[in-house]
Amino acid sequence: MKIKTSVTLLLSALMLNQSVWAAQQLTVWEDIKKADGIKAAVADFQKQFNVDVKVQEMPFAQQIEKLRLDGPAGIGPDVLVIPNDQLGSAVVQGLLAPLKIDAAEQGAYTPSAMAAFTQNKVVYGIPKAVETLVLIYNKDLLPAPLKTLDEYRAFSQKQREAKQYGLLAKFDQIYYSWGVMAPMGAYIFGKNAQGAINTQDIGLNTPGSVEAVTYLRRFFSEGLLPGGIMGDNGLNAIDSLFTEKKAAAVINGPWAFQPYQAAGINYGVAPLPLLPNGKPMSSFLGVKGYVVSTWSKDQALAQQFLSFINQPQYVKARYQKTQEIPPVTALMNDPMIKDDEKANAVAVQSARASAMPGVPEMQEVWGPANAALELSVSGKQAPKAALDNAVKQITMQIEAMQASNQ
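Note that this is a predicted model, so its numbers are computed, not measured.

Topic: the environment of Phe 45
Looking at the element boundaries, Phe 45 is found in helix 2 (residues 39–49). Since its relative accessible area comes to 0%, Phe 45 is described here as buried. For the pair Phe 45 and Tyr 319, spaced 274 residues apart in sequence, the C-alpha separation works out to 19 Å. Those residues in contact with Phe 45 that lie beyond four places of it in its chain are Leu 26, Asn 50, Val 51, Val 53, Leu 301, Gln 304, Phe 305 and Phe 308.

What follows is the structure, given as structure tokens:
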């Protein structure tokens, strides 16, 4: 009996040691070509907490889809990176673990970036990097950025007389026109009494929204924007006109910096201009964030890892390696970012931007909204009628989507 008891205790001890050892391993999925940015932080975490951290790279937009398969199979990550517009569906499907982040830690990030990874007042991620639309201008054609959108309209009129273009922007798509629509009174989804998103309340046809689209229509009706920039291939047309030095300025994102530099354009970057009502143009905020898998065997350790690698000194090192703008308030005021024209423009505009609603219903907005904008700015339909129809279409599509999920 003593021998049997001793064997049982020994096996129990071995199993306990094995579980402790298993708990001290983490698998992290990082974005492609971005692992170098967290290398020092990972090394320090491993030393300080005696944890073996395995980092694998893969495109961040594909990670949540891979988690759906690898998580249940037991081969998925503890920590991964996702864009904020994938958060809503991931939470609904139960793929992500909620995080316990106190108010002080949340306060280190810009409110809009933190909100991008919060659902119904529950935090699901730590913001890693932000990107948003900015104004990019050719310094040889426009020595300094203009202050207002009206000034760009007047400048564009002069440029057209010289057979060139002033400011180019895809105002026929909501991603690009939202910066005018939102500050003038449009909203995508309202909120209920508890502050949660109400997908039954769609605000794309408010009086302010109609006024904004009517204003944007003038850029097309006055011939300041070419018809060729409408539709899915419009961005290619804009890029071509800018790199061929036939346009002085464009509204685009940080992803355009490298191609414009490669084309030999002497360009500058500035936040988006002011609107006729005196408010700055807004924009949609794209946020990458670190999240924890539901299937993580040690969610507390995974969250500890997130808090550790997002300390200011590690975030600063990550920025230096990746050039991705961190939504950390203290770093946005750091000379390293503040004195860099491109980085500062993105940082300033990010503070003015708002994250797109992180709910699955957002996917039903894009098509009808873009169709309404194209009909409006091309003069084929009055803005109010087009926006009213878009709201009806979005409402029907959301009802159908919700019914199919029941």
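As for the side chain of Ser 293
Its place among the elements puts Ser 293 in the loop between strand 13 (284–292) and helix 12 (299–309). Side-chain polar atoms of Ser 293 contact the backbone nitrogen of Trp 295, separated by 2.9 Å. Each residue touching Ser 293, except ones within four places of it in the same chain, is listed here: Leu 67, Pro 77, Asp 78, Leu 80, Leu 95, Ala 97 and Gln 299.

A few points about the packing of aromatic side chains
Throughout the structure, instances matching the rule amount to 14 aromatic pairs. On the basis of an interplanar angle of 90° and a centroid distance of 5.9 Å, the ring pair of Phe 49 and Phe 308 is categorised as edge-to-face. Note that Phe 49 is positioned in helix 2 and Phe 308 in helix 12, a separation of 259 residues in sequence. Between Phe 308 and Tyr 314, the aromatic rings sit 5.3 Å apart at their centres with planes inclined by 35°, giving tilted as the arrangement. On the accessibility criterion, Tyr 314 (11% relative accessible area) is buried. Among the aromatic residues, ring-to-ring pairing joins Phe 45, Phe 49, Phe 305, Phe 308 and Tyr 314 into one connected group. Positioned over the ring face of Tyr 165 is Arg 160, at 4.1 Å from the centre of the ring. Above the face of the Phe 60 ring, Lys 288 is positioned so that its terminal group lies 4.4 Å from the ring centre.

Looking at the pairing of strand 6 (residues 125–131)
The buried fraction of strand 6 is high, at 6 of 7 residues. Note that strand 6 and strand 13 share 6 bridges and pair antiparallel. Within strand 13, the position partnered with Ile 126 by the bridge is Tyr 290.

Reading guide: rules and limits
- The written sequence of each chain sets the order in which its residues are numbered from 1.
- For a predicted model such as this one, the threshold for reporting local features is a pLDDT of at least 70, and the threshold for listing and counting side-chain atom pairs is 80 or more; totals across whole chains, interfaces and linings nevertheless cover every residue.
- The side-chain figures draw on all heavy atoms in the structure; neither hydrogens nor water molecules are used.
- Only DSSP runs of H or I covering at least 4 residues are called helices, and only runs of E covering at least 2 are called strands; the numbering of each starts at the N terminus.
- Three labels apply to residues, based on accessible area from a 1.4 Å probe with only protein chains included: buried if under 20% of the type maximum, exposed if over 50%, partly exposed otherwise in between.
- It only takes one pair of heavy atoms within 4.5 Å for two residues to be counted as in contact.
- Here a polar contact is taken to be a pair of N or O atoms separated by no more than 3.5 Å, where protein atoms must pair a possible hydrogen donor with a possible acceptor and residues adjacent in sequence count only if both atoms sit in side chains.
- For Phe, Tyr and Trp, where Trp contributes only its six-membered ring, two rings pair if their centres lie within 6.5 Å, and the inter-plane angle classes them as stacked under 30 degrees, edge-to-face over 60, or tilted in between.
- Both a distance and an angle decide whether a charge sits over a ring: NZ of Lys or CZ of Arg must be within 6 Å of the ring centre and within 35 degrees of the ring normal.
- For two strands to count as paired, DSSP must find a minimum of two bridges between them.

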